[in-house]
Amino acid sequence: MMARFIILTIMGSFLLVWLIFCAVQFIRHSRDVVAGADFVGHVKCEKCGAEYEVSAAEFTKSYTSKYRTVTRTKVQGGAFVNRPQYRYYAKKFQCPGCGKKRYAQVLNINEINNMTTGPVLRAGARWLILMCIGGMLILAVASVPLHFADQAREKKVEELREQQYEDFKERYGL
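Residues numbered from 1 in each chain as written. Predicted model: local features only at pLDDT ≥ 70, side-chain atom pairs only at ≥ 80, totals over all residues. Heavy atoms only, no water.

Novice: What exactly am I supposed to notice about the sheet that holds strand β2 (residues 51-55) here?
Specialist: One open sheet accounts for five strands, arranged β2-β1-β5-β4-β3; its pairing is antiparallel. Single-partner strands in this sheet number two, and they are β2 and β3 (65-76). Strand-to-strand twist across the sheet, computed as the mean angle between neighbouring axes with direction ignored, equals 40°. Taken together, the twelve bridges between β3 and strand β4 (residues 79-94) define a ladder with antiparallel strand orientation. For R72, the partnering residue across the bridge sits in β4 and is R83. Contacting β1 (40-45), β4 and β5 (101-106), helix α3 (residues 109-172) runs over the sheet at an angle of about 120° to β4. (Pairing = 2+ DSSP bridges. Helix = DSSP H or I, 4+ residues; strand = E, 2+ residues; numbered from the N terminus. Axes fitted to C-alpha atoms, helices over the stretch in contact; angles between N-to-C directions. Contact = heavy atoms within 4.5 Å.)

Rendered as structure tokens:
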């Protein structure tokens, strides 16, 4: 019984690590896809009002953002699609006017969002498939020692039954 618990604990740990690994890889791959995309972000510094352009690679370097969004449901191709429409979106960029890293409003965020949604979803589907395949492999590998542990347990139970039956026969003289 203890061997089964240990095997299940190890299997669960491997599955959790695999899940976290796939999630991190999905995020990294999505950032790489967006960084490799061919778009230019038109931004306006919130401090000095300078308007400038940032490349896709610069767009993904900044982690901090603030936004206001409205999600609208549209019928598209016979399906309901929920897409956020950004009323306001700002990220921190190095402003050429201020010379400092400041929040700058991204003026064409909805266009960028529509352009990058497809490739990011394909990357997500790819990592979801890899996560499922890896999870099935981990379960398959873990099922081998579980099978042998179950067989050993069944054998021990059968031996205990036979010993108990022999003790019963010996005790009552049958």
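Novice: Looking at this structure, I do not really get the packing of aromatic side chains. What am I missing?
Specialist: Ring pairs (aromatic) are described by centroid distance and by the angle formed between their planes. Under the counting rule described, the total for this entry stands at nine aromatic pairs. Centroid distance F59 to F93: 6.1 Å. Interplanar angle 35°. Geometry classified as tilted. Within this pair, whereas F59 is found in helix α2 (residues 56-61), its partner F93 is found in strand β4, the two being separated by 34 residues in sequence. F93 shares its class with F59; the two are buried. Over the face of the ring belonging to Y88 we find R68, whose NZ or CZ atom lies 4.7 Å from the ring centre. Over the ring of F59 we find K91; its NZ or CZ atom is 4.6 Å from the centre of that ring. (Phe/Tyr/Trp six-rings, centres within 6.5 Å; stacked < 30°, edge-to-face > 60°. Buried < 20%, exposed > 50% of the residue type's maximum accessible area, 1.4 Å probe, protein only. Lys NZ or Arg CZ within 6 Å of the ring centre and 35° of its normal.)

Novice: I would appreciate a short explanation of the pairing of β4 in the present structure.
Specialist: Note on strand geometry: in a regular strand, side chains alternate between the two faces of the sheet. Once β3 ends, the chain turns through two residues before running back antiparallel as β4, passing G77 with a positive phi of about 65°. Both β4 and β5 contribute to a ladder of five bridges, which runs antiparallel. Considered in β5, the bridge of A90 is made with Q105.

Novice: How should I be thinking about the side chain of S30 in this particular structure?
Specialist: Relative to the helices and strands, S30 is located in helix α1 (residues 2-36). Other than its neighbours up to four places away in sequence, S30 contacts V120 and A123.

Novice: What is the right way to look at the state of the cysteines in this model?
Specialist: Put plainly, a disulfide is one covalent bond tying together the sulfur atoms of two cysteines. Using the criterion set out here, one finds zero disulfides in the structure. Its sulfur unpaired, C22 is 8.9 Å from the next cysteine sulfur, which belongs to C132. With relative accessibility at 2%, the residue C22 sits in the buried group. Unpaired in terms of disulfides, C48 finds its nearest cysteine sulfur in C98, a separation of 3.4 Å. (Disulfide = S-S within 2.5 Å.)

Novice: Help me understand the pattern of salt bridges, please; the structure alone is not making it clear to me.
Specialist: For side chains of opposite charge, pairing can occur when their charged atoms come near one another. For the structure shown, the criterion picks out four salt bridges. Its salt-bridge partner being K66, residue E46 comes within 3.4 Å of it at the nearest N-O pair. Of this pair, E46 sits in the loop between β1 and β2 while K66 sits in strand β3, and the two are 20 residues apart along the sequence. When its relative accessible area of 32% is taken as the criterion, K66 is described as partly exposed. We note a salt bridge from D150 to R153, for which the minimum N-O separation is 3.8 Å. Highlighted residues: D150 and R153, both in helix α3, separated by three residues, approximately one helical turn. When salt bridges that share partners are traced, they join D150, R153 and E154 into one network. (Salt bridge = Lys/Arg side-chain N within 4 Å of Asp/Glu carboxyl O.)

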